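What follows is each chain in one-letter form.
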Amino acid sequence: MTRRLGQRPLPAPLARRARAALLLAGSFWLAACGNASWDGVDEAVVRRVAEDAGRHDTGPLFAGLEGDLLLFAFLWAGLLAGFAVGYFSRVLFVERAGAPAGRADGEGLRAD
């Protein structure tokens, strides 16, 4: 935050109290809104637009996977895909056809 000419900064204890008051007010506000319905985009927008268009819900794509199990499945899919992309990208960026990966002196590396 920039200071204007002639403006004195807040004393440190006052600034700490102001931050604590804001944090406390924010905590109370979140607690008061805790029972409110926080509909996601699927419920609030997509479902309404689909119903207006005459479409109906067909169910989830992965019917057996729910909650944390679905997140765990996506985690493993991402890990396996990342490993495959990383492993096979060496063929595109490092190795020459028919030659092993480059040595420490730089021989065997592609220059393009």
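Residues numbered from 1 in each chain as written. Predicted model: local features only at pLDDT ≥ 70, side-chain atom pairs only at ≥ 80, totals over all residues. Heavy atoms only, no water.

### As for the overall build of the protein
As a reminder of what qualifies: Counting from the N terminus, the helices are DSSP H or I runs at least four residues long and the strands are E runs at least two residues long. For every residue, the accessible area (1.4 Å probe, protein chains only) is compared with the maximum for its type, and the residue is labelled buried under 20%, exposed over 50%, or partly exposed between those bounds. Method for areas: the Shrake-Rupley scheme with a 1.4 Å probe, in which residue coverage is limited to the protein chains shown.
Summing up its helical and strand segments, the protein has three helices and zero strands in all. Starting at the N terminus and walking to the C terminus, you meet the elements of the protein as α-α-α. Within the span of the protein, comprising 112 residues, buried residues form 2% of the whole. Surface summary for the protein: the accessible area is close to 10,600 Å², and the carbon and sulfur share equals 64%.

### Section: a nonpolar patch on the surface
Definition in use: Candidate patch residues must exceed 30% relative accessible area and have no salt bridge, after which like charges are joined if within 9 Å and Val, Leu, Ile, Met, Phe, Trp or Tyr side chains if within 5 Å. Between Lys or Arg on one side and Asp or Glu on the other, a salt bridge is scored when a side-chain nitrogen of the former is within 4 Å of a carboxyl oxygen of the latter.
A grouping of L69, F72, L75, W76, L79 and L80 is seen on the molecular surface, where their side chains present a nonpolar patch of about 620 Å² in accessible area. Tracing the backbone shows L80 in helix α3 (residues 68-93).

### Description of the packing of aromatic side chains
As a reminder, the rule being used: The rule is short: rings of Phe, Tyr and Trp, with Trp giving its six-membered ring, pair when the centres are within 6.5 Å, and they are stacked under 30 degrees, edge-to-face over 60, tilted in between.
Per the counting criterion, the structure on display carries three aromatic pairs. Here the aromatic rings of F72 and W76 are separated by 6.3 Å at their centres, their planes lie at 75°, and the arrangement is edge-to-face. Here W76 and F72 lie together in helix α3, a separation of four residues that amounts to about one turn. The exposure class of F72 is partly exposed, given its relative accessible area of 47%. A centroid spacing of 6.0 Å and a plane angle of 20° characterise the contact between F83 and Y87, whose relative ring orientation is stacked. One end of the pair is F83 and the other is Y87, both in helix α3 and four residues apart, which spans about a single turn. Taking relative accessible area as the criterion, Y87 reaches 38% and is therefore assigned partly exposed. A network of ring pairs unites the aromatic residues F83, Y87 and F88 as a single cluster.

### Side note on the layout of surface pockets
Inclusion rule: Lining residues are those with an atom within 4 Å of a point, where the points come from a 1 Å grid over the protein atoms alone and group into cavities, where a 1.4 Å probe fits but cannot get out, or pockets, open sets with protein on both sides within 12 Å along at least five of seven lines. Grid points are joined across faces, edges and corners, and a volume is the space filled by probe spheres set on the points. In this classification, the charged set is Asp, Glu, Lys and Arg, the nonpolar set is Ala, Val, Leu, Ile, Met, Phe, Trp, Tyr, Cys and Pro, and all remaining amino acids, among them Gly, are polar.
Approximately 350 Å³ is the volume attributed to the largest pocket. In terms of lining, the largest pocket is formed by D42, E43, V46, R47, A50, E51, R55, H56, D57, T58, G59 and P60. Broken down by class, the residue content of the lining of the largest pocket amounts to three nonpolar, three polar and six charged.

### Details of the environment of L65
As a reminder, the rule being used: Two residues qualify as a contact provided that any one of their heavy atoms is within 4.5 Å of a heavy atom in the partner residue.
Relative to the assigned elements, L65 resides in the loop between α2 (41-52) and α3. Relative accessible area serves as the criterion here: at 28%, L65 is assigned to the partly exposed category. If we ignore the near neighbours within four places in the chain, the residues touching L65 are L70 and A73.

### Brief notes about the confidence of the model for the protein
As a reminder of what qualifies: As a per-residue measure, pLDDT reflects the predictor's confidence and takes values from 0 up to 100.
The predicted model of the protein has a mean per-residue pLDDT of 76, with 69% of residues at 70 or higher. Mean pLDDT across the elements of the protein bottoms out in α2 (81) and peaks in α3 (88).

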